[in-house]
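Fold and geometry: a report
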Amino acid sequence: MRGLVIKNTGSWYLVKTDEGSHVECKIKGNFRLKGIRSTNPVAVGDRVQIIMNQEGTAFISEIEDRKNYIIRRASNLSKQSHILAANLDQCILVVTVNYPETSTTFIDRFLASAEAYRIPVKLIFNKVDAYNEEDVRYLDGLVNLYSSIGYPCFKVSALRGEGINTIKDELKGKTSLFSGHSGVGKSTLINAILPELDIRTGEISAYHNKGMHTTTFSEMFPVPGDGYIIDTPGIKGFGTFDMEEEEIGHYFPEIFRTSTDCRYSNCTHRHEPGCAVRKAVEEHFISESRYTSYLSMLEDKEEGKYRAAY
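These remarks concern the structure in this document. No experiment lies behind these values; they were computed from the predicted model shown.

Focus: the overall build of the protein
A count of helices and strands for the protein gives 8 helices and 15 strands. Counting only residues that meet the buried cut, the protein has 51% of its 310 residues in that class. A fraction of 65% describes how many contacts in the protein between residues 6 or more apart in sequence connect residues 24 or more apart. Accessible surface for the protein amounts to roughly 15,100 Å². Of this, 48% is attributable to carbon and sulfur atoms.

If you want it as structure tokens, here you go:
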């Protein structure tokens, strides 16, 4: 029997079969994916084969070939990865410039990882109703920056319902992963898109100006227009995984485009003479924040924070 994994709690999976029924499943035996050492070998969005048992539950016996997937380094196990979701058409990164602040380093690491797995990203800047003049200026600067690189940006207030219809149009006919820090209003946004869900939303910690986790597992919800939203737990950091040093620049589109003019084909854009990328940063054609994010990922590589999957 075939089906789609629509929920993962860590200990079991909910599979929607092609016949339309929902079946709770476990993984059969010592199930491991070739080439990926992961904390979760099966992910929401996976197409799977299942074997029913007499209790009305089932075992997942096989994962069908994935179109793509996106992974991050497991937060506490640097040698392992965590698959956020599989078979995606796009990622939606929900960002707030305050309450809590999403750093450009976090945004850039997420974007680079999605580029590595060839998954388009759209940025949703939420809580526009809460910002003062300084916040709004910074927000507009970020929108200009990421739009100019090629990432579509949207300004919304999930709380007030502003901009929600535009987002609904962006979701039609697509499987979309929603991600972002805890507290950026991801659950409020999904509730505004699908009010019948009534997903629990969390308070912001006033002391730390950080969100508290409300989503504890990944789950997939159908949206009007033949699409799906995959909601994931809020993530604090985005440790990229299984990247080679010379590849990292490829995942920053503006750095990759500019690097064709570097004197050396293996230029790391740090100290080499004739580096077109450093020149572009100095002349403000490449954002300094993006260049800083690129350097921080190179430093991760040098410190052994990326581990090859095995």
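Topic: the nonpolar core
In this structure, Ile70, Val121, Leu123, Phe125 and Tyr146 are the most contacted members of the largest nonpolar core, which totals 68 residues. Broken down by element, this core gets its largest block of residues, 7 residues, from helix α1 (residues 104-116). With sequence-adjacent residues up to four places away left out, Tyr146 is seen in contact with Thr104, Ile107, Asp108, Leu111, Leu123, Tyr151, Cys153 and Arg290. Ile164, Phe178, Leu194 and Val223 belong to the second largest nonpolar core, which has 18 residues in total.

What to know about α1
Here α1 is 13 residues long and its end C-alpha atoms lie 18 Å apart, about the 18 Å a rise of 1.5 Å per residue gives. For α1, a buried count of 11 out of 13 residues is recorded, marking the element as mostly surrounded by other parts of the structure. Regarding α1, the residues found buried are Thr104, Phe106, Ile107, Asp108, Arg109, Phe110, Leu111, Ala112, Ser113, Ala114 and Ala116. In the stretch just after α1, Arg118 is the one whose phi turns positive, near 55 degrees.

Comments concerning the pairing of strand β9 (residues 121-125)
With 5 of 5 residues buried, β9 is to be regarded as a mostly interior element. Neither face of β9 is open: one carries Val121, Leu123 and Phe125, the other Lys122 and Ile124, and all of them are buried. For strand β8 (residues 90-95) and β9, the ladder comprises 5 bridges, and the chain directions are parallel. Note on β9: the bridge partner recorded for Cys91 is Val121. One crossover worth recording links β8 to the parallel β9 by way of α1, and it is right-handed.

Remarks on the pattern of salt bridges
In total, this model carries 14 salt bridges according to the counting rule given. Asp89 is paired through a salt bridge with Lys67; the nearest N and O atoms lie 2.6 Å apart. Placement of Asp89 in the loop between β7 (81-86) and β8 and of Lys67 in the loop between β5 (58-63) and β6 (69-73) is noted, with a sequence separation of 22 residues between them. Residue classification places Lys67 among the exposed positions, given a relative accessible area of 53%. Where Asp108 meets Arg290, a salt bridge forms, and the shortest distance between an N and an O atom there is 2.9 Å.

Some points on the environment of Val223
Looking at where Val223 falls in the secondary structure, it is placed in strand β14 (residues 218-223). Assessed through its relative accessible area of 7%, Val223 is described here as buried. Separated by 29 residues in the primary sequence, Val223 and Leu194 place their C-alpha atoms 7.3 Å from one another. Not counting residues up to four positions away in its chain, the partners in contact with Val223 are Leu171, Ile193, Leu194, Tyr228 and Ile229.

Quick notes on the packing of aromatic side chains
Scanning the entire structure with this criterion turns up 4 aromatic pairs. Ring centres of Tyr69 and Tyr117 lie 5.4 Å apart, and the angle between their planes is 40 degrees; on these two criteria the pair is classed as tilted. With a gap of 48 residues between them, Tyr69 in strand β6 and Tyr117 in the loop between α1 and β9 connect regions that are remote in the sequence. When its relative accessible area of 21% is taken as the criterion, Tyr69 is described as partly exposed. Three or more aromatic residues joined by ring pairs form one cluster here, namely Phe252, Tyr291 and Tyr294. Arg66 extends its terminal NZ or CZ atom over the ring of Tyr69, reaching a point 5.4 Å from the ring centre.

Some remarks on the packing of α1 against helix α2 (residues 133-149)
Interaxial distance between α1 and α2 falls to 13 Å at its minimum, and their mutual angle equals 25 degrees. Taken together, the axis directions place α1 and α2 in an arrangement best described as roughly parallel. As α1 packs across α2, the resulting crossing turns out to be right-handed. Contacts between α1 and α2 involve Thr104, Ile107, Asp108 and Leu111 from the first element and Tyr138, Leu142 and Tyr146 from the second. Across the contact of α1 with α2, the residue classes tally to 5 nonpolar, 1 polar and 1 charged.

Calculation rules
- Residues numbered from 1 in each chain as written.
- Predicted model: local features only at pLDDT ≥ 70, side-chain atom pairs only at ≥ 80, totals over all residues.
- Heavy atoms only, no water.
- Helix = DSSP H or I, 4+ residues; strand = E, 2+ residues; numbered from the N terminus.
- Buried < 20%, exposed > 50% of the residue type's maximum accessible area, 1.4 Å probe, protein only.
- Contact = heavy atoms within 4.5 Å.
- Areas by Shrake-Rupley, 256 points an atom, 1.4 Å probe, with all protein chains shown as cover.
- Core = buried A, V, L, I, M, F, W, Y, C linked by side-chain atoms within 4.5 Å.
- Expected span 1.5 Å × (residues − 1).
- Pairing = 2+ DSSP bridges.
- Right-handed = clockwise from strand over helix to strand, strands pointing away.
- Salt bridge = Lys/Arg side-chain N within 4 Å of Asp/Glu carboxyl O.
- Phe/Tyr/Trp six-rings, centres within 6.5 Å; stacked < 30°, edge-to-face > 60°.
- Lys NZ or Arg CZ within 6 Å of the ring centre and 35° of its normal.
- Axes fitted to C-alpha atoms, helices over the stretch in contact; angles between N-to-C directions.
- Parallel < 35°, antiparallel > 145°, perpendicular 65-115°, else oblique.
- Left-handed = near helix turned anticlockwise from the far one by under 90°.
- Nonpolar A, V, L, I, M, F, W, Y, C, P; charged D, E, K, R; others polar.

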